[in-house]
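Commentary on secondary and tertiary structure
Spelled out from the first residue to the last, the chains are:
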Amino acid sequence: MSNKNSDQESHRTHVAALTALCAFSKPLDILQSDLEPFGWDHEEELVVLTRQHVAALLTGWSTGQLNSDALAAWAEAVEAREDIGREPDDEALLNDDLFELSSPEINGVLTMGRAQEMIAALAD
């Protein structure tokens, strides 16, 4: 029984850490440390990234609460995790946004205009 409780606690800890990553509610190095015991490769999605998560971070960037490097690092961290799903009807949009944000060396530096376009598309 204690092994089952331990597994349940581990699952709750994993989900809580993924939820915090989606919301970027802690510094990225702490989030990555919290997630380290669980690895990257998973067969099931434990949490879902939403349009609201990405829009909130883009809004934070556009108001100066988040810098470009932090936004890119967050997007890269989320993009790589197989245990974070995407809203089913918005999977392509969210994946495209994560790729664009995580790869400024390929896609160009995020501009205020582009951030506003992305926020608008996420609000539709």
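Notes on the structure follow.

Definitions and cut-offs
- Residues numbered from 1 in each chain as written.
- Predicted model: local features only at pLDDT ≥ 70, side-chain atom pairs only at ≥ 80, totals over all residues.
- Heavy atoms only, no water.
- Helix = DSSP H or I, 4+ residues; strand = E, 2+ residues; numbered from the N terminus.
- Buried < 20%, exposed > 50% of the residue type's maximum accessible area, 1.4 Å probe, protein only.
- Contact = heavy atoms within 4.5 Å.
- Areas by Shrake-Rupley, 256 points an atom, 1.4 Å probe, with all protein chains shown as cover.
- Lys, Arg positive; Asp, Glu negative; His and termini not counted.
- Charge placed at Lys NZ, Arg CZ, Asp CG, Glu CD.
- Expected span 1.5 Å × (residues − 1).
- Patch = residues over 30% accessible without salt bridge, like charges linked within 9 Å, V, L, I, M, F, W, Y side chains within 5 Å.
- Salt bridge = Lys/Arg side-chain N within 4 Å of Asp/Glu carboxyl O.
- 1 Å grid on protein atoms, 1.4 Å probe; cavity = no way out; pocket = protein on both sides within 12 Å on 5 of 7 lines; lining within 4 Å.
- Points joined across faces, edges and corners; volume = space filled by probe spheres on them.
- Nonpolar A, V, L, I, M, F, W, Y, C, P; charged D, E, K, R; others polar.
- Core = buried A, V, L, I, M, F, W, Y, C linked by side-chain atoms within 4.5 Å.

Scanning the chain for helices and strands turns up seven helices and two strands. Seen in sequence order, the chain has helices and strands lined up from the N terminus as α-α-β-α-α-β-α-α-α. With the principal axes as the frame, the chain shows a C-alpha extent of 55 × 30 × 25 Å. A buried classification covers 39% of the 124 residues belonging to the chain. A sequence separation of at least 24 residues applies to 73% of the contacts in the chain between residues at least 6 apart. When the accessible surface of the chain is totalled, it reaches about 7,200 Å², and 51% of it is carbon and sulfur. Side-chain charges in the chain split into 7 positive and 24 negative, and the spacing between the mean points of these groups amounts to 7 Å.

In this model, helix α3 (residues 51-62) (12 residues) spans 16 Å end to end at C-alpha, consistent with the 16 Å of a helix rising 1.5 Å per residue. R51, V54, A55, L57, L58, G60, W61 and S62 are the residues of α3 that are buried. Directly after α3, the chain includes G64, whose backbone phi takes a positive value near 85 degrees.

As a further point, take a negative patch on the surface. A contiguous patch of negative charge, built from D41, E43, E44 and E82, is present on the exposed surface. With respect to the secondary-structure elements, E82 resides in the loop between α4 (68-79) and β2 (84-86).

This brings us to the pattern of salt bridges. Under the defined criterion, the tally for this structure stands at six salt bridges. A salt bridge links D34 to K26; the shortest N-O distance between them is 3.0 Å. Residue D34 is classed as partly exposed on the basis of its relative accessible area of 27%. Salt-bridge contacts for R81 lead to D83; the nearest nitrogen and oxygen are separated by 2.8 Å. Across the pair, exposure class does not vary: R81 and D83 are buried alike. Three or more residues joined by partner-sharing salt bridges are found here, namely E100, R114 and E117.

A separate point is the layout of surface pockets. For the largest pocket, the calculated volume is near 190 Å³. L101, P104, G108, V109 and L110 are the residues nearest the centre of the largest pocket, which is lined by 13 residues in total. Per-element tally for the lining of the largest pocket: the top contributor is α4, with four residues. Within the lining of the largest pocket, the residues separate by chemical class into seven nonpolar, three polar and three charged.

The subject of this paragraph is the environment of A120. Looking at the secondary structure, you find A120 in helix α7 (residues 112-123). Accessibility expressed as a relative area gives 41% for A120, which makes it partly exposed. Distance in space between the C-alpha atoms of A120 and A55 is 8.5 Å, their sequence separation being 65 residues.

Counting residues in hydrophobic clusters, the biggest one holds 32 residues, and the most contacted among them are L21, L58, L71 and W74. Setting aside its immediate chain neighbours within four residues, L21 contacts L28, L31, L35, W74, A77, V78, R81 and I84.

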